[in-house]
Amino acid sequence: MASVSVLNMDGKEVEKLDINDAVFAAPINEHLLHKAATLQLANRRQGTQKAKTRSEVRGGGRKPWRQKGTGHARQGSIRSPQWTGGGVVFAPVPREYGFKMNRKEKEAALKSALSAKVRDEKLVIIDEFKFDEPKTKTMAQTLDAVGAKKAFIVLGGDAQTAPTDAQKNAALSARNLEGVRSTYFLRNEDKDAQKVDVTSGLNVYDILKYDTLVIEKNAIKAIEEVYA
């Protein structure tokens, strides 16, 4: 296992943490990274575009002039595509842009993204974000201290059913910073159903988009429990 420094909010090292190689030192599959990022962007598309074909445009039922003898090209309808106000050839219709990606492929892509950040030394682990109230200035100072101005922040972990007040304040503190995004990785254990429901905003696209990945220490353990 690789050993990574754990920093406090002042940017000082407080301990060393061993991270699981199965998650943070996995083979980097560029094809799956591209596929996962493309899928995420495709799923964001509304797909509500619509234009009318010649059969949907109102009017044009009468032949505009007789077939022969006018000197004009023959025409069957004023709603044909070549006419102003006519229908569109191969008009776009509402559709879904998403496509299928297997669960194992998604997991491999996420591991590849995390491993790429470790390889490039762009992973920063914070022992804990301690915010009594939302404070953008404090979050900006923290990110400057750890060298992560353009950052994707991951909060959470420890089988919580909801973010703590400190985590909520941290997320609100990062909301107005340019080039910074925050999310949660929370594991909700339902003992009655004997299953683990993962509620997570951790995703390949944001990991790749932002320069530095900043993760709370307890979220590291939760990620390893799910993906190792």
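In this text the structure is predicted, and so the values were computed from the model without any measurement.

Here the focus is the overall build of the protein. Assigned secondary structure in the protein consists of seven helices and seven strands. Taken from N to C terminus, the helices and strands of the protein fall in the order β-β-α-α-α-β-α-β-α-β-β-α-β-α. Scaling as 2.2 N^0.38, a compact globule of 228 residues should have a C-alpha radius of gyration of about 17 Å, whereas the protein reaches 27 Å, well beyond that. Expressed along its principal axes, the backbone C-alpha trace of the protein runs to roughly 90 × 40 × 40 Å. Out of the 228 residues in the protein, the part that is buried amounts to 39%. Here the analysis covers contacts within the protein between residues at least 6 apart in sequence; of these, 71% occur between residues at least 24 apart. Summing over all exposed atoms, the protein offers an accessible surface of approximately 13,700 Å²; the carbon and sulfur share of this is 47%. For the protein, the separation between the mean place of its 38 positive charges and that of its 29 negative charges on side chains is 19 Å.

When you line up the elements, H34 lands in helix 2 (residues 30-44). H34 sits 174 residues away from L208 along the chain, and the two C-alpha atoms are 9.9 Å apart.

Attention shifts here to the environment of F99. By secondary structure assignment, the location of F99 is in the loop between helix 2 and helix 3 (103-119). Considered as a pair, F99 and A162 are 63 residues apart in the sequence and their alpha carbons are 31 Å apart.

Taken together, the six bridges between strand 1 (residues 2-7) and strand 2 (residues 13-19) define a ladder with antiparallel strand orientation. Bridged to S5 within strand 2 is K16. Two successive antiparallel strands, strand 1 and strand 2, enclose a turn made up of five residues, where G11 displays a positive phi of approximately 85°.

With that settled, consider unusual backbone geometry. Despite not being glycine, F90 has its phi angle at roughly 50°, a positive value. Of the residues examined, F90 reaches a relative accessible area of 81% and is grouped as exposed. Positive phi outside glycine occurs at E121, with the angle close to 60°. Along the chain, E121 turns up in the loop between helix 3 and strand 3 (123-126). Look at E121 and you get exposed, because its relative accessible area is 71%.

With that settled, consider the side chain of N20. As for its position among the elements, N20 is in the loop between strand 2 and helix 1 (21-24). Ignoring any residue separated from it by four or fewer positions in sequence, one finds N20 in contact with M1, A25, E224 and A228.

Let us look at helix 2. For helix 2, which comprises 15 residues, the first-to-last C-alpha distance of 22 Å matches the rise-based estimate of 21 Å (1.5 Å per residue) to within 8%. Listed as buried for helix 2 are L32, L33, A36, A37, L39, Q40 and A42. Where helix 2 starts, the residue carrying a side-chain oxygen 3.1 Å from the main-chain nitrogen of H31 turns out to be N29.

Conventions and cut-offs
Residues numbered from 1 in each chain as written. Predicted model: local features only at pLDDT ≥ 70, side-chain atom pairs only at ≥ 80, totals over all residues. Heavy atoms only, no water. Helix = DSSP H or I, 4+ residues; strand = E, 2+ residues; numbered from the N terminus. Rg over C-alpha atoms; globule rule 2.2 N^0.38 Å. Buried < 20%, exposed > 50% of the residue type's maximum accessible area, 1.4 Å probe, protein only. Contact = heavy atoms within 4.5 Å. Areas by Shrake-Rupley, 256 points an atom, 1.4 Å probe, with all protein chains shown as cover. Lys, Arg positive; Asp, Glu negative; His and termini not counted. Charge placed at Lys NZ, Arg CZ, Asp CG, Glu CD. Pairing = 2+ DSSP bridges. Expected span 1.5 Å × (residues − 1). Polar contact = N/O pair within 3.5 Å; in protein donor to acceptor, adjacent residues only side chain to side chain.

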